[in-house]
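Here is what each chain is made of, one letter per residue.
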Amino acid sequence: MDATAFITFARRNPTIVAGSIILLFMTVVALAAPLIAGDPRLMNPVNRLKPPSAQFWFGTDGLGRDIFSRCVYGARISLIVGVSVASASVLIGLAIGLAAGYLRWLDNYVMRVMDGLMAIPAILLAIAMVSLNRATVGIVIIAIVIPEIPRVVRLVRSVVLTTREQPYIEAAISGGSRSLKIVLRHILPSTIPPLIVQATYVTASAILIEAGLSFLGAGVPPETPTWGNMIASSRLLLARAPWTIFFPGLCLALVVLAVNLLGDGLRDRLDPRLSRRM
Amino acid sequence: MTKIARRTVLKSTAAAAAIAGAPSLARAQARPSAARTIRAVFHGDVPTYDPIWTTANMAAYHGGMVYDTLFGIDEKGEAKPQMVGKYGYDAGNMTWSFELRPGLKWHDGTDVTSGDIVASLKRWAARDGGGQHMMQRVKGIESKDEKTFTISLKERYGLVLDVLSKTSTPVCFMMRKKEAETDPMQKIETVVGSGPFTLNMAETRPGTQYVYDRNPNYVPRAEAPNGISGGKVVKVDRVVFVNMPDGQTAVAALQAGEIDFYEIPQPDFMPQLEADRNIKIQILNQLGQVGLIRPNFLHPPFNNVKVRQAMLHCVKQSDHMKATFGDSKYAKETPSYFAMGTPMENDANTGWFKGGQNFARSKALLAEAGYKGEEVLLMQATNIPYMSNSAQLLAQELRQGGFNVRVEAMDWSNVVQRRSVKNPPAQGGWNIFITSAGGTAVGHPILLAAHAATGGSAWFGWPEDAKHEQLRAQWSVGETLADRQRIAREIQENAWNFVPQVYYGQWVQPAAMRTNIRGVLPVAEIIPWWNVEKV
Amino acid sequence: MLAYIVRRLFLTLPVMALVAVFVFLLLHLSPGDPAAIMAGENATAENIAQIRTKLGLDEPLWKQFALWVLALASGDLGQSLFWGDPVTTLIGQRAEPTISLALTTISFAVIVAITLGVTAAANPGTWIDRGVMGFAVMGFSLPVFVVGYMLIFLFAIELKWLPVQGYTRFAEGFVPWLRNLVLPSLALGMAYVALIARITRTTMLEVLSEDYIRTGKAKGVANRPLLLRHALKNAAVPIVTVVGIGVALLIGGVVITETVFNIPGIGRLVVDAISRRDYPIVQGVIMLFAGLYVLVNLLVDLSYTLFDPRIRY
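The structure displayed is predicted, hence computed values, not measured ones. (Residues numbered from 1 in each chain as written. Chains lettered and ligands numbered in written order. Predicted model: local features only at pLDDT ≥ 70, side-chain atom pairs only at ≥ 80, totals over all residues. Heavy atoms only, no water.)

Visitor: An account of the interface of chain C and chain B is needed here, citing residue identities and associated values.
Guide: Between chain C and chain B, the contact holds 43 residues from the first and 49 residues from the second. Surface buried jointly by chain C and chain B totals about 3900 Å² across both partners, of which 49% is contributed by carbon and sulfur atoms. Summed over the shared surface of chain C and chain B, the result is 0 salt bridges. The interface formed by chain C and chain B includes 4 residue pairs in polar contact (both at pLDDT 80 or more). When residues of the side of chain C that touches chain B are traced back to their parent elements, those giving at least two are α2 (34-39), α3 (45-55), α5 (87-122), α7 (144-158), α11 (236-260) and α12 (266-275) of chain C. For the side of chain C that touches chain B, the leading source of residues is α3 of chain C, giving 6 residues. For the side of chain C that touches chain B, the per-class residue count stands at 21 nonpolar, 11 polar and 11 charged. (Contact = heavy atoms within 4.5 Å. Buried area = accessible area lost by both parts, 1.4 Å probe. Salt bridge = Lys/Arg side-chain N within 4 Å of Asp/Glu carboxyl O. Polar contact = N/O pair within 3.5 Å; in protein donor to acceptor, adjacent residues only side chain to side chain. Helix = DSSP H or I, 4+ residues; strand = E, 2+ residues; numbered from the N terminus. Nonpolar A, V, L, I, M, F, W, Y, C, P; charged D, E, K, R; others polar.)

In structure tokens form, the structure reads like this:
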């Protein structure tokens, strides 16, 4: 793509471009963390609660840790949580949704289980799973993935149900194609655009849920910096040392905003029908 | 259903009906005015109404309202009679005899009798460490007549009054015989005491607020209040324990005048509170809390005494205190095995402390011990800020001192379950956990369960040391303060060699209250609400 | 229609049964010990073991489950391990604040969001539209506790207009009740304003572009407010659907909001219960929320017939 083409694209899709630039920037920061930031875990109580300065760009927190380093490393965890929750829930949801949508005998059972999962408030399920087990990034991801799955399953299933009635599928069936082949070749592709859009929203909500879990003391272990647990562990310092909350809050809001912008843009582009519905 | 239970139920239904349906005038009459009501926020929630059932301090706060004690300590820590009138010790028969003072009545209106007391003592002693220690030396507790009872001893024992008057939980609270005859392992169901307040079940909402009304029939002693001894004169109509877990919210509520008292403002709020003309700061418990690091004696590497000693050289208490309390006048270091400020405080065998943090020394000790970098599993309670802070800092210090540490984050409930597992760390066990204990108890060789070094039957961490146990036994029969202080030095000399636990500091918690609250008595481990005025 | 309702209610039974099994296993197969919490810091291992036995936590799991389900079938959610009060009583005591918060938040969100959405749809492509949409994306992107603390800091501490925390019973007067709910509803409502404003705008635009509206315009129904009202009625179905989804999200948000503003509601009851493993409370509240969710969705489906006569069950 040359420069003019890019400018045209950016004019037509400002939200996609803005969202992608922010996310790309954050990804680079996350990957290059060891090069640009110091040790995010290094505690030095003598330096606690120092305001932003040349030495500590974003100030220090209650344990005397460098907030800039923690924000930079926090990008890693937040992005990992966001991306892995999105990909895991989409992949698992896709598989279940395709199976349920295509195999009629399975549909009823699967959907009842999904209804059951949806009926449990997501945050309560996540709090219970994390605080009942050990707090690790893995458990947090699983705890956020489980309640997201039924939403993906429903989306996929609805796409499958409408696609299945299309004449070209009926033609393929009468032409003697095997079920699996039909699903993979004809049905799967039509689920991709809405799923990509869904995945961006799941990413944003996963990052926010992780922050909420940390706020309630059921998030990623405090030694590992995430924007959510940084805000949570400094929440008593709002008036005394606002920078301890401001910078991670800014990073968090920026990334969630970028993901949402990207999602809106993709939705308008990939699925005009969905854009009108949602 | 008993008479009182039925009455409570009737009362509560009536009150509930009044609240739900009656016009606001009727309610205004039933409920004391704001000027005569104190709303207080403490460090936690009342865990159960049975005060001898748990060692959680909130149970003692609740108990101190509703129940009375035979003896109470004054500010100097000396036992003074409270429910007891005349008492004496017959050295020949090794028998204590006590007579109840006149005017004592239960909340149901009946008289307090020695039969109630004997049953209460027995139930409490079944649950309390100090009580068990005493009962091992007691021949019998008997009721002589309506008002008199005796405690006869098998051997010389100097701690009877200390144990009866202590404020460390479970406190020796007196209940009616009916409740006191409940299996000690079963919680009591009705809350009937003889204390200066009654629990208002109709307006109490478990988990959010506990309402205590002035007991109009309480007859206080004539002496001036001192510690928890002396006359318990109630000067307000109602005290409400509000459960408010968020510290930020509680401080804001205090500044806005929505609550009158907040027990545990975080040190970082102190400048803000000190600057507020409507708020005053008061230290109620001068001995405060001591931070404990418990190594597990059952498994490598801490089954090796040199490895435990290495830990002493890694921990810098002032850093731990700064991490949670900032540059605060409220926190200090405690080289003494018995908490600073207690009568048993001393400086025996504190070379490790005077030498300061010394990672080279730690590494040398680890090498001597033959430590090969085995993983040390440190349990971190993430939902309790000071424990979470100290666990992270401890991990960093131990790593610098040559240990291979893995921090396992979990909530406090998981810690308290897992710490009772005796298996090796790889099979669900652990190597280190962090907690804290009241300074009064840490300063007392017997009262603190963690001070026992009886191996498998000791407190979590299961330290074992025969000499330590021998010295503790000697201490408990020491007759003068000087005797006990001498033995305490010996205990400490030995303890800092075998290292049953390491401390990360000692801190006092200043309480914050509205300036119109007067007369809060400085007592360790209980907050009395008698004598308190709202002006 | 009645047959439809009965069939739907019948279908909720397997769903609730699944929730029950799942929640019970999740709680009981996980580590954590209510007995140890109850016993306190200075307790010995023997004390804790005795308490466990008394609480019946040593019984085989299938037996505990059977007892719980049998009681559940008769509407008994069991008793709190800590206070001994029936869970239904505890939930009853905590219901009013949570219901109040949910109602004020939903009303606030619906009123503000529909106003914003309609305004944006009436002026598509203008700066008003962009402003509203920008706000909608922002509303999605801020964690509810950050918004909550900002509001407390500004309106309660600095300006002193509103109380910091707490809850006043409705019976004690409408104004005190509302004063305590303004800030929490604002904090909690932000995300729903964003969500509902968005859906209102898009569905309104869709409806406005449909033929009959254009016809109406051509026929001279040029009155803009009337036109918008007409379009709004037709856009109601997707809006109601989103409000229904919102209720499910709200249940989650309530947990955090009640903590920030110290509202003694069901959300805090369950969070506290999780941290000390008061199993009957956690199980009871999750069953209740699940039941509520199922009910709200049924109501949402039924409300479609109200807004769109073409839909029949």
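Visitor: Give me the lowdown on the interface of chain C and chain A, citing residues and values where you can.
Guide: Facing 41 residues of chain C, the contacting portion of chain A comprises 40 residues. When chain C packs against chain A, the two sides together hide about 3600 Å² of surface, and 79% of this comes from carbon and sulfur. At the surface where chain C touches chain A, the tally comes to 0 salt bridges. On inspection of chain C and its partner chain A, the count reaches 1 residue pair in polar contact (both at pLDDT 80 or more). Within the residue set of the side of chain C that touches chain A, elements represented by two or more residues are α1 (2-28), α6 (127-141), α7, α8 (174-208), α11, α12 and α13 (279-307) of chain C. Broken down by class, the residue content of the side of chain C that touches chain A amounts to 33 nonpolar, 5 polar and 3 charged.

Visitor: Give a detailed account of the side chain of Glu-408 of chain B, specifying residues and quantitative values.
Guide: Counting through the fold element by element, Glu-408 of chain B comes out in strand β16 (residues 404-410). Within the structure, the side chain of Glu-408 of chain B is placed 3.5 Å from the side chain of Arg-418 of chain B, a separation counted as a polar contact.

Visitor: Can you explain a nonpolar patch on the surface? Please cite residues and give values.
Guide: Residues and elements named next belong to chain C. Residues Phe-170, Phe-174, Val-175 and Leu-178 make up a contiguous nonpolar surface patch of about 380 Å² in total accessible area. Here Leu-178 lies in helix α8. When its relative accessible area of 31% is taken as the criterion, Leu-178 is described as partly exposed. (Patch = residues over 30% accessible without salt bridge, like charges linked within 9 Å, V, L, I, M, F, W, Y side chains within 5 Å. Areas by Shrake-Rupley, 256 points an atom, 1.4 Å probe, with all protein chains shown as cover. Buried < 20%, exposed > 50% of the residue type's maximum accessible area, 1.4 Å probe, protein only.)

Visitor: Describe the sheet that holds strand β11 (residues 261-262) of chain B, naming the residues involved and giving the relevant values.
Guide: Residues and elements named next belong to chain B. Taken together, the 7 strands give an open sheet; going across it, the order is β8-β9-β10-β1-β11-β19-β12, and neighbouring strands pair in mixed fashion. Among the strands making up the open sheet, the edge pair consists of β8 (197-199) and β12 (279-283). With 3 bridges joining them, β8 and strand β9 (residues 209-214) adopt antiparallel strand pairing. In the sheet register, Leu-199 faces β9, and the bridge partner there is Tyr-212. The sheet contacts of helix α3 (residues 57-66) involve β8, β9 and β10 (238-242), and relative to β10 the element is tilted by about 165 degrees. (Pairing = 2+ DSSP bridges. Axes fitted to C-alpha atoms, helices over the stretch in contact; angles between N-to-C directions.)

Visitor: Hey, could you go over the pairing of β9 of chain B for me, with residue numbers and the actual values?
Guide: Here β9 of chain B runs beside β10 of chain B; their pairing, made up of 5 bridges, is antiparallel. When the sheet's bridge partners are listed, Val-211 of chain B is paired in β10 of chain B with Val-240 of chain B.

Visitor: Go over the packing of helix α4 (residues 67-102) of chain A against helix α11 (residues 243-270) of chain A with me, naming the residues and quoting the values.
Guide: All names here are of chain A. The interhelical angle for the contact between α4 and α11, taken along N-to-C directions, is 30 degrees, at an axis separation of 11 Å. Remark: the crossing between α4 and α11 carries right-handed chirality. Taken together, the residues of α11 that come into contact with α4 (itself represented by Ile-67, Cys-71 and Leu-79) are Trp-243, Thr-244, Phe-247, Pro-248, Cys-251 and Val-255. Split by residue class, the contact of α4 with α11 holds 8 nonpolar, 1 polar and no charged. (Left-handed = near helix turned anticlockwise from the far one by under 90°.)

Visitor: Give a detailed account of the side chain of Arg-101 of chain B, specifying residues and quantitative values.
Guide: Residue and element names in this part refer to chain B. Within the fold, Arg-101 resides in the loop between β5 (95-100) and α4 (114-127). There is no salt bridge for the buried Arg-101, and the closest opposite charge comes from Asp-68, which lies 4.2 Å off by N-O distance. Of note is the side chain of Arg-101, whose polar atom sits 2.6 Å from the backbone oxygen of Gln-82. Among the polar contacts listed, one links the side chain of Arg-101 to the backbone oxygen of Val-219, at a separation of 2.9 Å. (Lys, Arg positive; Asp, Glu negative; His and termini not counted.)

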